[in-house]
Structure formats: C-alpha cells, structure tokens
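Here is what each chain is made of, one letter per residue.
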Amino acid sequence: MRLGRISDFASSAPTLHGADCDLLDLPVAPVGWLADITTDRDALIRYALGVRSGYERTGRIVGQLAGLLILARLGKRFESDWPMATSVVEQARQAEEEMHSAWVPAAARHHHCYLLQALQRVQNVVCAFDRRIPTGDLLRAQLDGWTRELKLAGAMLSGAAVEGLGLMPLDFSQACCNCGTNLQ
Amino acid sequence: MSKYSIWVLEYAYVSQCAVSSVIYGAHNQGIRKLPYCYVLIKSDDHIAMVDVGYNDKEYGRYIAEKFLVENWHSPKDVLAPCGIRPEDVDSIFITHAHFDHMGNTDAFPNATFYIQERELTKWIWAMSLPDRLRYMMVATDPSDVLRAADLARQGRLRLVDGNLENAIPGIDLHAAPDTHTYGCQWVHVRNDMQTRSRDGWVLAGDLIYVYENMEGTGGDKMYVPVGLALGSTTNLVMTTEEIMKSVDYEVKRVIPVHEERLKEVFPSRILPNGLRISEICLATGQKSLVA
C-alpha cells in the first residue's frame, strides 16, 4: 500500500465553480490528515476498514436517489412507497449505523466528520419521504432541492476519496478500461 | 444524397489491451491497442454524438496511472479539427451508462441526451444490492446518475423505452436489453432517409468492440461476442445478428469504435497529438476532414 500518494484522486477534482453553482456551499474537504505523524498506518487502515462499507453504501444511495429523481421528474410524480424508495430508506439507516460504529483515530476526525456531513445531506432527502410529497410545480421545486442536496453529498464523497485506503467513489476493478492492469 | 457525415474521433487509448477483454474466450492471445472514441454525426440541421467519454478532471490521473489509459484529450480539443465546439452539439445518444461512455455529460451544455430507461432503472436496482453483488454495477459511477438527474432538471434528458425511430430525422435508436449492460442501445443512421435504407450505418457502442466480433477469429464468419456481458452472451450474439441484418450483412457498415483497424478501412488522419479521426461517410456537399 502506497500511503504517500493516496490523496491523488481527491486532489484532482475541479475547484473552480460558476457563480450559481450549487457546490459553492461545499464544506472544505480534509487535507493533509494522512501525514499526521502521531497516527500509524495500522490505525488509518483500521479506520478505513471501519468506514468503507458506509462510504460505499452512501455513494450507492446517492446514485439510487438520483435515479429515482429522474424517474420522478420525467414521470411527473413521486411516491415514497415505491419499492426502490423504501429500499433506499433502509440502506440509509444501515449507512448511518456503519459510519457511526467506525473507530476513528484523532487524525481522521475531520475526515469522519466530513463523511457524516455527506451522509446528512442524503438523510435530508430520505427523511422527507416521511412527509407528504407534493405534486406539480411544488414537486418540481422539491426535486430541485433534493437534487442540490445529492450533488453536495456526491461532491463530498469524491472530496473524501482516498485511493490507497480503498475509499473510492467508483469501483474500477472490473471496468471496461481495466485492460492494462494485469500487464503492470 | 447523404444527409449525415460521420466521424469516429479518438480521445484516448490503451496501448496494451488484453485481446481476451474484447473477444470472448480469447485467452492468452496477447495484447493490442484499444482506442477510446466517440462519434460525431453532422448534417445541415443537427450536430449529434454517440457517447461522450469520461471526465479527465475526476478520473484522468487515476485511470492513466492505474489502467494505462493514455493521451486523454478534452471534447473541446477532439472536436476542434472538425470545426465543432462542445456547445454546438444538440443531441447525444448514450449507448450505455459505463463511466467511459457517459462520464462527461457536463462538457456538452446544450445537448439533449438519450438513454434507455431500462439502463437507468436496472442500475438503480444494481446499486441497491448488497456488497457481495457489487459486480452487478461494474464500471458505473453513481455520480454519473447524479449528473443525469441534473440534466433531467434542465429538461435535457430523454429516457427511451425500447426502440425509437427518428430520434432526430433518419437516426433510430435500437434497444439491446441484457447484453453488454442491462439497457444498451445501438444507433442506426439511415443516411438516405429511407425506411429500408440502402445507405445505413450502425454505431454499435460496446455491443461490438472489434471486427472479430462480427467476422470470427479464424475467418470463419462466426459471430464472437465481446468479452464483457452483464446480460447474456446469447443476447449479444442475437443483437449482432439484428445489427448485421439492418445493414444487409455488410460488415463495413457497422462501426466498432474500439477497433484500431478502422484506419485501414476508412480514410483517416492522425493528428499531431497522436489521436485519430476516421471519416466514415460524408454528407452531400461536406468537405473531407482527412484528405
């Protein structure tokens, strides 16, 4: 494991935004925490193992919710008792449990807090399923708000990515473009 | 009279790709170059594309290092030799939702995107599965779905349910469910605008990677499917038959975008940046970009 260069993925994310970009509200992503000399590698690995399933699950929830929002917007209705919607609610509960049960070394507190904030953005959407879902123009406004929350959550997950610790928003291991990996 | 010009535009490549990844069962048969391309389709009244590649800002360095993808260039640079800017593109047909085909939607601010509804709904389903079934969402990026949600907000996303004739005039979308992915589609350009076209071209996406998928590996003219099927190889083979039938079994009219030998079949030009433009056909009155 090459911990010396593990922030490469996150640091490659774009940092310039238009004046109306939703991502201007993005909290500052944790930087430099892996270099904390008081935390050894085993502690970082233990932390990563603890949060990884919650991290990946949150990413998948963002994707599922985004897909549901597309179906809702193009179908012009949204029902919170759709099986796909109820499944997301349960997954969000699991993600919260996984995130909170992880052991967190001092150096990773900011990172962990950042992940919890990303999860909170997701929860903001999921919790609204308990309330009455509007229709028509109000539904459109609701969907706009949810889309914004998910964009922020997705950007935060990318910002918290650490390749060397296995925290990646996309699993490339079986990707179409992985042809060269076995040749290295 | 031909309505559309078609060019295959290389935007990156893998120099050393295992042959087995593009031809099912071709184990221990060495390596070959695998170009990464998208397709530009241009007429007097439309500028369309098939797929958009991936976003180098988010993945580029990682992919370049990890998977040996080389020489990525932006749509702005890749389209420039054709006299086109990304903002000029009005219609984009996404063959499937893998990140290297759908991962750069943000680069095209004025285009309407067409994707199969099944591709979306099945990815939602796949993302809901337990970790042990993660293979079912291989190569998809949840943030691409997120970007699609933003496209829907802007009214620039069309979900297609099955086949769609004349998505734009003379261009049909054909569903290929449960093949390379859950909701693939292929694009049929009827360049003479006839219902039973004698001048048709098929942009096959990843349903056909290379000529061997259509012509066999030993000159035996037997279809051999691509190396990755989330659906079934049966469906891949039967889709190949459907594609071939649509062009009267004329192999040259099916465009495998990952095929390096396109440059031997169609007039092509290698640009100073090392990327290739292959000119598939020219609309009446359109000047060649490769001559």
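Everything below is about the structure shown above.
Reading guide: rules and limits
Residues numbered from 1 in each chain as written. Chains lettered and ligands numbered in written order. Predicted model: local features only at pLDDT ≥ 70, side-chain atom pairs only at ≥ 80, totals over all residues. Helix = DSSP H or I, 4+ residues; strand = E, 2+ residues; numbered from the N terminus. Rg over C-alpha atoms; globule rule 2.2 N^0.38 Å. Buried ≥ 20, exposed ≤ 12 C-beta atoms within 10 Å, placed from the backbone. Contact = placed C-beta atoms within 7 Å. Pairing = 2+ DSSP bridges. Axes fitted to C-alpha atoms, helices over the stretch in contact; angles between N-to-C directions. Core = buried A, V, L, I, M, F, W, Y, C linked by C-beta atoms within 7 Å.

S.K.: In this structure, what is going on with the overall build of chain B? I would like to understand it.
M.R.: Within chain B, the regular secondary structure consists of eight helices and 14 strands. Its C-alpha atoms give chain B a radius of gyration of 18 Å, near enough to 19 Å, the size a compact globule of 291 residues would have. Seen along its three principal axes, the alpha-carbon backbone of chain B occupies a region of about 55 × 50 × 40 Å. Of all 291 residues assigned to chain B, the portion counted as buried reaches 54%. A sequence separation of at least 24 residues applies to 62% of the contacts in chain B between residues at least 6 apart.

S.K.: For this particular structure, what's the right way to read the environment of Glu70(B)?
M.R.: Residue and element names in this part refer to chain B. Its location among the elements puts Glu70 in strand 4 (residues 69-70). Here Glu70 falls in the partly exposed class, since 16 other C-beta atoms lie within 10 Å of it. Each C-alpha atom, one on Glu70 and one on Glu260, is 15 Å from the other, the two residues being 190 residues apart in sequence.

S.K.: Which parts of the structure should I look at to understand the environment of Ala43(A)?
M.R.: On the secondary structure map, Ala43(A) appears in helix 2 (residues 41-75). We classify Ala43(A) as partly exposed; it has 17 C-beta atoms within 10 Å.

S.K.: Just checking my understanding: could you explain the sheet that holds strand 11 (residues 200-203) of chain B for this structure?
M.R.: Sheets are built from strands paired through backbone hydrogen bonds, the pairs being either parallel or antiparallel. Residue and element names in this part refer to chain B. Spatially, 8-9-10-11-12 is the arrangement adopted by the five strands of the open sheet, whose pairing is mixed. Strand pairing shows two members of the sheet lacking a second neighbour, strand 8 (164-168) and strand 12 (254-255), which therefore form its edges. Its contacts with the sheet put helix 7 (residues 233-246) on strand 9 (171-177), strand 10 (183-190), strand 11 and strand 12, and the angle it makes with strand 11 is roughly 155°.

S.K.: Before we go on, may I ask you to explain the nonpolar core in this structure?
M.R.: The tendency in soluble globular proteins is for nonpolar side chains to be buried side by side. One finds Ala66(A), Val39(B), Met49(B) and Ile92(B) to be the most contacted residues of the largest nonpolar core, which totals 132 residues. It is helix 2 of chain A that contributes the most residues to this core, 12 residues altogether. For Ile92(B), the residues in contact, after removing those within four places along its chain, are Ala48(B), Met49(B), Val52(B), Phe108(B), Ala111(B) and Phe113(B).

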